[in-house]
Protein chains: 2
Amino acid sequence: MIICRTRAELKLALSNLREHNKSIGFVPTMGFLHEGHASLLRQAKEENDVIVLSIFVNPLQFGPNEDLDRYPRDEQRDLALAEENGTTLVFLPSVQEMYPQKPLTSVIVNQVTDRLCGATRPGHFDGVGTVVSKLFHLVNPDRAYFGMKDAQQVAVIEQMVSDLNFDVKVVACPIVREPDGLALSSRNVYLTPEQREQAVVLSRTLRLAAEWKEERGMTAERLEAKVKEALNAAGEAVIDYVELLRYPSLQPPEAAAELHTFAEPLILALAVKFGATRLIDNHILQATEVHSNVQNDDEIQASPGNRNGSELELCR
Amino acid sequence: MIICRTRAELKLALSNLREHNKSIGFVPTMGFLHEGHASLLRQAKEENDVIVLSIFVNPLQFGPNEDLDRYPRDEQRDLALAEENGTTLVFLPSVQEMYPQKPLTSVIVNQVTDRLCGATRPGHFDGVGTVVSKLFHLVNPDRAYFGMKDAQQVAVIEQMVSDLNFDVKVVACPIVREPDGLALSSRNVYLTPEQREQAVVLSRTLRLAAEWKEERGMTAERLEAKVKEALNAAGEAVIDYVELLRYPSLQPPEAAAELHTFAEPLILALAVKFGATRLIDNHILQATEVHSNVQNDDEIQASPGNRNGSELELCR
């Protein structure tokens, strides 16, 4: 496994790896890797000759009061996980290497970023769009892999790639969960045992909501209210947002629309704080008759031995 | 010469041309080509195996009261000029092909766009950054050629390429002028004979300013005032801006600084309206001791027979 810390090293290594028209699968991450990232690497491995992983905690996508400084890091463990999962090259740049001067250029995606984390984390997706553009230019991948846990990030990047004609296929991969349903996240390590136990309320409520959606008379507003009620039953949960939106446009459905008659895919997205730790989760609620371009709606449980297709578990 | 009107045609043609690691030189234009564009094509031809020209009048970079609808077009003449100057492939997309949906993504360069045309044409450089990003992704060139007549555009694109790590070398090419000094522009066709005669005041004043800059006690403010006075001597000239700035940062020099002692390159940039026709011109004023990364400060006169290096004329 090749490790590159500078853009120059990366360029040289990639020009060697690119020979004979080899395809490159790219997994951009902020490190502190878990089974969710491993699933991206494995899917990339299935579809490409060369797997590039980047690990970069991007300051541009953290707000002034966010957890940039305490964002968890463990380079040795990350490298071991990368190697175990067939990574060809790891790009581990410093902040100085990625931003040698104060950057004056931003890649800004509008509309798709108005709600959810875009509303509560102003500037976050400008930072994401900018750093992903930089990484795409540095790596020049054929395919790039993102987890559906950050569904809005996937929607933003798909919009950016389409609008700017990036020559890369964005592959959205299913959410990986703990056996009790908690979506894997590098931030889960912050949770106290009590918070960890309560945090299961996110995935449990998403599963229930998929049933509630089918009830007669259920509108977006009513569903959001029921979800908030269920989340508030967890004593330490402080709701940041609960939103039901069209996917991938992330625009609200008509207020009066009955959800069980809705012909487009919808996303139910949650952000909930436990103490200082903010967790997100979501579920794509497919229309009964599927007229959708959303792939990978299935979700994977991160228990041992579930790694072949026949054992995939649906979260719904 | 290959002509492509769709992204799909372009992609296919480029994948064939790219074989055997051929280098691609790219000249993005809005068409109505003149000797200035031809000089970019010829320089591209000297430095690359394959020359790609794009012709696209980009609506995104025109303001609501600007000349999008009356921007001059002449496809047959453009194709003839392209062929004469060794172009391999012309990309001629429709607006629908470049913007099949309303674009939600913008590439925005700050600071370098605060002044000059950025101040008087709000949104202009957002449109430029966005379309040039799209074209770079579609063409994936090794080198891209831009004329120094739009010096701010060159500075904006160099900043964008550096900030976003585009893998392309930006080549800034000298301004090409009519025998009397008028910088070539697609918009020159709008001028009445009387305006055309008066328009020579731009280049004449730039030449004079290079001498005034060396005078003792000359500051930016004093130079700008002298330039405005000289321009106003042309009866139909209405000044849009006259600015002396550092190049390529496009930030103002200290107000009290004597220009002849200034160690950085400076740009004197003008925008002047003759009736509804807005002309721009500029000149890079080098420090006496050259500590500069600005290339191609020489300017070329567009008279017949001046196309080899030994006959280059300096505009100063």
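Residues numbered from 1 in each chain as written. Chains lettered and ligands numbered in written order. Predicted model: local features only at pLDDT ≥ 70, side-chain atom pairs only at ≥ 80, totals over all residues. Heavy atoms only, no water.

The name given to chain A in an unreviewed UniProt entry is Pantothenate synthetase, with Paenibacillus endophyticus as the source organism. The record held by UniProt for chain A lists under Function (unreviewed entry) the comment "Catalyzes the condensation of pantoate with beta-alanine in an ATP-dependent reaction via a pantoyl-adenylate intermediate." (UniProt positions renumbered as here; feature names shortened; annotations may be inferred.)

**Student:** Provide a residue-level description of the relation of the copies chain A and chain B, including the pertinent values.
**Tutor:** For the match of chain A to chain B, the screw axis carries a shift of 0.0 Å, the RMSD comes to 0.0 Å, and the turn is 180°. Read as a symmetry element, the transformation amounts to a two-fold axis. When C-alpha positions in chain A are compared against the rotation axis, the closest is assigned to valine 107 of chain A, at 2.3 Å. An overlap of 100% is found between the interface residues of chain A and their copies at the interface of chain B, pointing to a shared contact surface. (Least-squares fit on C-alpha atoms with pLDDT ≥ 70 in both. Contact = heavy atoms within 4.5 Å.)

**Student:** Describe in detail the packing of aromatic side chains, supporting the description with residues and values.
**Tutor:** What the rule picks out here adds up to eight aromatic pairs over all chains. A ring pair is formed by phenylalanine 56 of chain A and tyrosine 99 of chain A, whose centres lie 6.1 Å apart and whose planes are at 45°; its orientation type is tilted. With phenylalanine 56 of chain A in the loop between β3 (50-55) and α3 (75-84) and tyrosine 99 of chain A in the loop between α4 (95-98) and β5 (105-109), this residue pair connects regions lying 43 residues apart in the sequence. Judged by relative accessible area, which is 10%, tyrosine 99 of chain A ranks as buried. Put simply, the rings of Phe26, Phe136 and Phe166 of chain A pair up and form one aromatic cluster. Positioned above the aromatic ring of phenylalanine 32 of chain A is the side chain of arginine 77 of chain A, whose terminal nitrogen or guanidinium carbon lies 4.8 Å from the ring centre. The aromatic ring of tyrosine 190 of chain B is capped on one face by arginine 70 of chain B, whose charged end is 4.0 Å from the ring centroid. (Phe/Tyr/Trp six-rings, centres within 6.5 Å; stacked < 30°, edge-to-face > 60°. Helix = DSSP H or I, 4+ residues; strand = E, 2+ residues; numbered from the N terminus. Buried < 20%, exposed > 50% of the residue type's maximum accessible area, 1.4 Å probe, protein only. Lys NZ or Arg CZ within 6 Å of the ring centre and 35° of its normal.)

**Student:** Account for the interface of chain A and chain B, naming residues and giving values.
**Tutor:** Counting residues at the interface gives 26 residues for chain A and 26 residues for chain B. In terms of surface lost to chain B, no three residues of chain A exceed Leu104, His137 and Asn165 of chain A, which account for 30% of the buried area on that side. At the junction of chain A with chain B, the criterion picks out two salt bridges. Of the charged contacts in the structure, one is a salt bridge between aspartate 167 of chain B and lysine 11 of chain A, with a shortest N-O distance of 2.9 Å. Counting every contact that joins chain A to chain B gives 17 residue pairs in polar contact (both at pLDDT 80 or more). Breaking the side of chain A that touches chain B down by element, the ones donating at least two residues are α1 (7-17), β5, α6 (124-139) and α7 (151-163) of chain A. In the side of chain A that touches chain B, the residues fall into ten nonpolar, ten polar and six charged. Looking at chain direction, β5 of chain A and strand β5 (residues 105-109) of chain B are connected through five bridges and run antiparallel. By the bridge assignment for β5 of chain B, valine 109 of chain A is matched with threonine 105 of chain B. (Buried area = accessible area lost by both parts, 1.4 Å probe. Salt bridge = Lys/Arg side-chain N within 4 Å of Asp/Glu carboxyl O. Polar contact = N/O pair within 3.5 Å; in protein donor to acceptor, adjacent residues only side chain to side chain. Nonpolar A, V, L, I, M, F, W, Y, C, P; charged D, E, K, R; others polar. Pairing = 2+ DSSP bridges.)

**Student:** Account for the UniProt feature "active site" (unreviewed entry) in chain A, naming residues and giving values.
**Tutor:** Residues and elements named next belong to chain A. Mapped onto this structure's residue numbering, the UniProt feature "active site" (unreviewed entry) falls at His37. Mapped onto the fold, histidine 37 is located in helix α2 (residues 35-47). A relative accessible area of 13% means that histidine 37 is categorised as buried. If near-sequence neighbours (up to four positions away) are discounted, histidine 37 is found in contact with Thr29, Gly31, Phe32 and Ser186.

**Student:** An account of the pairing of strand β6 (residues 143-147) of chain A is needed here, citing residue identities and associated values.
**Tutor:** Residues and elements named next belong to chain A. Both strand β2 (residues 24-29) and β6 contribute to a ladder of two bridges, which runs parallel. When the bridges of β6 are listed, phenylalanine 26 appears paired with alanine 144. Here β6 runs beside strand β7 (residues 169-173); their pairing, made up of five bridges, is parallel. Paired with phenylalanine 146 across the strands is alanine 172, a residue of β7. The parallel pair β6 and β7, bridged by α7, forms a crossover whose chirality is right-handed. (Right-handed = clockwise from strand over helix to strand, strands pointing away.)

**Student:** Could you give an account of the sheet that holds strand β10 (residues 266-274) of chain B, with specific residues and numbers?
**Tutor:** All names here are of chain B. As summarised here, the arrangement of the three strands in space is β9-β10-β11, forming an open sheet in which the pairing is antiparallel. Two strands close off the open sheet at either side, each with one partner strand: β9 (237-246) and β11 (277-285). With strand direction ignored, the average angle separating the axes of adjacent strands in the sheet is 15°. Sheet analysis places β9 next to β10, joined by nine bridges and oriented antiparallel. Among the inter-strand pairings, leucine 244 is bridged to a residue of β10, identified as leucine 268. Against the sheet, helix α10 (residues 220-232) contacts β9, β10 and β11, and its axis sits at roughly 155° relative to β9. (Axes fitted to C-alpha atoms, helices over the stretch in contact; angles between N-to-C directions.)

**Student:** Just give me the short version of the pattern of salt bridges, but keep the residues and values in it.
**Tutor:** If the charged atoms of two oppositely charged side chains come close together, the side chains can form a pair. On inspection of all chains with the given rule, the structure shows 30 salt bridges over all chains. Salt-bridge contacts for arginine 18 of chain B lead to aspartate 142 of chain B; the nearest nitrogen and oxygen are separated by 3.5 Å. Taken as a pair, arginine 18 of chain B in the loop between α1 (7-17) and β2 (24-29) and aspartate 142 of chain B in the loop between α6 (124-139) and β6 (143-147) lie far apart in primary sequence, 124 residues in all. For arginine 18 of chain B, a relative accessible area of 27% translates into the label partly exposed. On the accessibility criterion, aspartate 142 of chain B (31% relative accessible area) is partly exposed. One connected set of salt bridges, linked through shared partners, spans Arg246, Glu254 and Glu264 of chain A.

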